[in-house]
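What follows is the residue order along each chain.
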Amino acid sequence: MALGTDRSPPVILYIPVSGPHGAGEYYRALTIAQACRASHPDWDLHVCVSHDADVEKPAGLGYHTLQGSPTRDTDGIERILREVRPDLVIFDSTLRQRQLKLCRQLGINKVVYISSRPSSRRRGFGLRKLRALDEHWMIAPPGEQQLTRRERLLARINPRLQIRFLSTLLNPGAPERELPIADRADFPHDGYVLFVSGGGGGAVNGEPIDRTFQQAARRFHAATGHPTLLVAGPLSSVPLESDDLRLEVRSVPPGDLVTMIDRATLVVSGGGSLVQQTLAQGRPLLAVPAGGSDQPARLARLARENVLETCGTAPKPMANRTAALLQDRQARNRLITHAREHGFRNDMPEVVSAIRQLLADGDVHYGRV
């Protein structure tokens with residue numbers, strides 16, 4: 001269809017996994033949506049979120065509440081699909097056959113799936129689900145960015161399927177942001193050590209992850225006196241208390257977190273999506289398992305490749321290893337160099353371009369009713 005003056009803005013619906021114990025997929029959806037809005041302020045962007053996910057909801061997007069994770073609330077997804085009538089749906093780590101069928105029934109003919117773990121990656125190669133996808137975006141470390149023999153064979157079932165390997169997704173303009181902690185005159189603009197587990201929900205070895213990171217940060221600061229910033233996470237519940245050169249905050253928008261990482265001398269994170277984000281930003285990283293069953297093996301592999309360091313998920317080893325790494329500038333520089341050589345990068349420009357192309361194919365956003 002030719003361009004006309006009655007062109008309607010495209011509508012995009014993001015459906016990430018969300019709930020009380022994890023928020024990485026939700027914040028990835030926010031980051032993509034905000035990057036899209038920066039490039040295309042006319043696009044109509046919507047995000048689904050579970051009612052029990054205590055997360056940031058920046059202005060400028062449409063938010064739709066589910067009774068639980070989208071994997072458990074297909075009725076809610078159906079209600080939202082009928083209400084929003086999106087031109088493009090982006091599922092992140094959730095992919096229910098009934099929901100894909102609803103997309104077809106409602107004439108939603110552009111569907112993308114994002115995976116970032118082995119289990120969610122396998123989900124995208126289910127025979128019936130595979131046929132319903134236009135693109136599958138696999139977020140994986142550079143060393144894992146290739147299809148298995150089985151995946152190559154299955155991908156032939158859907159000739160239109162585009163598979164993209166991505167490293168991490170950051171808002172390119174975020175490092176220029178002014179942080180909300182700027183009014184703390186006693187806290188440095190940069191050069192601090194940043195502790196951030198991720199969402200801050202869940203537990204490891206029977207201990208709440210938010211408390212483990214808080215105690216590690218406090219131990220480290222007490223031992224070194226070095227400026228220390230803790231982002232407890234939007235799903236955390238520990239009481240926060242700041243002191244001289246030690247600042248604790250509950251949560252920050254994705255763009256602010258990018259800025260905080262960019263300005264840190266050293267980052268201590270959980271083993272989820274923050275790993276690739278930090279490495280793509282070129283910061284030295286100590287990462288510990290903080291939830292997913294795949295994290296210990298993944299971190300051990302990356303440590304063997306000398307792109308990060310890891311240790312046990314407990315306050316004492318975390319604080320001690322952080323202090324040792326802070327004192328070893330050569331070790332930090334080696335981590336940065338190896339991560340860069342391995343190809344960790346920001347693939348957000350490719351994602352925005354892919355969304356733009358999907359919307360352009362067939363002019364799906366023209367003449368919407």
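Counting starts from 1 at the beginning of each chain's written sequence and moves along it residue by residue. For this predicted model, a pLDDT threshold of at least 70 governs which residues receive local features, and a threshold of 80 or more governs which side-chain atom pairs are given and counted, while totals over whole chains, interfaces and linings are taken from all residues. Values reported for side chains reflect all heavy atoms of the structure, with hydrogen atoms and water molecules removed beforehand.

What follows concerns the pairing of strand β1 (residues 11-16). Within β1, six of the six residues are buried, which leaves the element mostly enclosed by the surrounding structure. Residues Val11, Leu13 and Ile15 point to one face of β1 and Ile12, Tyr14 and Pro16 to the other, with burial holding for every one of them. In the sheet, β1 pairs with strand β2 (residues 44-50) via four bridges, with the strands oriented parallel. In the sheet register, isoleucine 12 faces β2, and the bridge partner there is leucine 45. Between β1 and its parallel partner β2, the chain crosses via helix α1 (residues 24-39), and the hand of that crossover is right-handed. Partly exposed describes any residue whose relative accessible area lies between the buried limit of under 20% and the exposed limit of over 50%, with all areas from a 1.4 Å probe on protein chains only and scaled to the type maximum. Secondary structure is summarised from DSSP: a helix means a run of H or I of at least four residues, a strand means a run of E of at least two, and numbering begins at the N terminus for each. Any two strands with at least two DSSP bridges between them are considered paired. For the handedness criterion, the strands are oriented away from the viewer, and a crossover whose path from the first strand over the helix to the second runs clockwise is classed as right-handed.

Here we come to the nonpolar core. With 34 residues, the main nonpolar core has Ile12, Tyr14, Ile32, Ile90, Trp137 and Ile355 as its most contacted residues. Sorting the residues of this core by element identifies β1, α1, β2, β4 (88-92), β5 (111-115), β6 (135-139) and α13 (348-360) as the ones contributing at least two each. Residue contributions to this core peak at eight residues, all from α1. It only takes one pair of heavy atoms within 4.5 Å for two residues to be counted as in contact. The contacts of isoleucine 32, once residues within four sequence positions are left out, are Tyr14, Ile114, Leu169, Met348, Val351 and Ile355. Core analysis: the next-biggest nonpolar cluster, separate from the first, contains 29 residues, Ile77, Val89, Cys103 and Tyr113 among them. Here, nonpolar core means buried Ala, Val, Leu, Ile, Met, Phe, Trp, Tyr and Cys residues that are tied together by side-chain atoms lying within 4.5 Å of each other.

As a further point, take α13. The end-to-end C-alpha distance of α13 is 18 Å, a good match for the 18 Å that 13 residues give at a rise of 1.5 Å each. For α13, the set of buried residues is Met348, Val351, Val352, Ala354, Ile355, Leu358 and Leu359. Taken end-on, α13 shows its buried residues confined to a sector of 160°, consistent with a single buried face. Where α13 is buried, its residues touch β1, α1, β4, β5, β6 and β7 (162-166). One less than the residue count of a helix, multiplied by 1.5 Å, gives the span that helix is expected to have. Arc, as used here, means the arc of the directions from the helix axis to the C-beta atoms.

Turning to the packing of aromatic side chains, a few remarks are in order. Each Phe, Tyr or Trp ring (for Trp, its six-membered ring) is paired with any other whose centre lies within 6.5 Å, and the angle between the two planes then decides the class: stacked below 30 degrees, edge-to-face above 60, tilted in between. What the rule picks out here adds up to three aromatic pairs. Ring geometry for phenylalanine 187 and tyrosine 192: centres 5.7 Å apart, planes at 35°, overall tilted. Since its relative accessible area comes to 7%, phenylalanine 187 is described here as buried. For tyrosine 192, a relative accessible area of 0% puts it in the buried group. Geometrically, the ring pair formed by phenylalanine 195 and phenylalanine 220 is tilted, given 5.8 Å between the ring centres and 50° between the ring planes. Residue phenylalanine 195 is found in strand β8 (residues 193-196), and its partner phenylalanine 220 is found in helix α7 (residues 209-224); the two are separated by 25 residues along the sequence. In this structure phenylalanine 195 comes out as buried when scored by relative accessible area, which is 0%. Overall, the relative accessible area of 0% leaves phenylalanine 220 in the buried class.

As a further point, take the packing of helix α2 (residues 74-84) against helix α3 (residues 97-105). As a packed pair, α2 and α3 sit with axes 10 Å apart at the nearest point and diverge in direction by 15°. Overall, the two elements α2 and α3 adopt an arrangement that is roughly parallel. Every pair of crossing elements has a handedness; the one defined by α2 and α3 is right-handed. On α3, the residues that touch Thr74, Asp75, Ile77, Glu78 and Leu81 of α2 are Arg98, Gln99, Leu102 and Cys103. Of the residues belonging to the contact of α2 with α3, the class tally is four nonpolar, two polar and three charged. Interaxial angles span 0 to 180 degrees and are taken between N-to-C directions of axes, which are lines fitted to C-alpha atoms, for helices over the stretch in contact. Angular relationships are summarised with four words: roughly parallel below 35 degrees, roughly antiparallel beyond 145, roughly perpendicular across 65 to 115, and oblique for the angles in between. Left-handed describes a crossing in which the near helix is turned anticlockwise from the far one by less than a right angle; the clockwise case is right-handed. Amino acid classes used here: Ala, Val, Leu, Ile, Met, Phe, Trp, Tyr, Cys and Pro are nonpolar; Asp, Glu, Lys and Arg are charged; the rest, including Gly, are polar.

It is worth spelling out the confidence of the model for the chain at this point. Per-residue confidence from the predictor is given as pLDDT, running between 0 and 100. For the chain, the average pLDDT comes to 90, and 93% of its residues sit at 70 or higher. Low pLDDT, under 50, characterises residues 1-5; the stretch is placed with four contacts to residues that sit more than four places away or in other chains. Predicted confidence is poor over residues 365-369, with pLDDT under 50, and the contacts of this stretch with residues over four places away or in other chains come to 15 contacts.

Turning next to the pattern of salt bridges. When the charged atoms of two side chains with opposite charge come close together, those side chains can pair. A pair is scored as a salt bridge if a Lys or Arg side-chain nitrogen falls within 4 Å of a carboxyl oxygen belonging to Asp or Glu. Tallying each qualifying case throughout the model produces 16 salt bridges. Salt-bridge contacts for glutamate 78 lead to arginine 98; the nearest nitrogen and oxygen are separated by 3.5 Å. Taken together, the residues glutamate 78 in helix α2 and arginine 98 in helix α3 connect sequence positions 20 residues apart. Here arginine 98 falls in the partly exposed class, since its relative accessible area comes to 45%. One connected set of salt bridges, linked through shared partners, spans Asp75, Glu78, Arg82 and Arg98.

Between its first and last C-alpha atoms α7 spans 23 Å; for 16 residues at 1.5 Å apiece the expected length is 22 Å, and the two agree. Restricting attention to buried positions, one finds in α7 the residues Ile209, Asp210, Thr212, Phe213, Gln214, Ala216, Ala217, Phe220 and His221. In the segment just after α7, glycine 225 is the residue with positive phi, at about 75°.

With that out of the way, let us pick up the sheet that holds β5. Strands sit in the order β3-β2-β1-β4-β5-β6-β7 across an open sheet of seven strands; the sheet is parallel. Each end of this open sheet is capped by a strand with a single partner; those strands are β3 (62-66) and β7. Taken over all neighbouring pairs, the strand axes of this sheet differ in orientation by 20° on average, direction set aside. Seen against the sheet, α1 touches β1, β2, β3, β4, β5 and β6 and runs at an angle of roughly 170° to β2. With respect to the sheet, α2 is in contact with β1, β2, β3 and β4, its orientation differing from that of β3 by roughly 155°.

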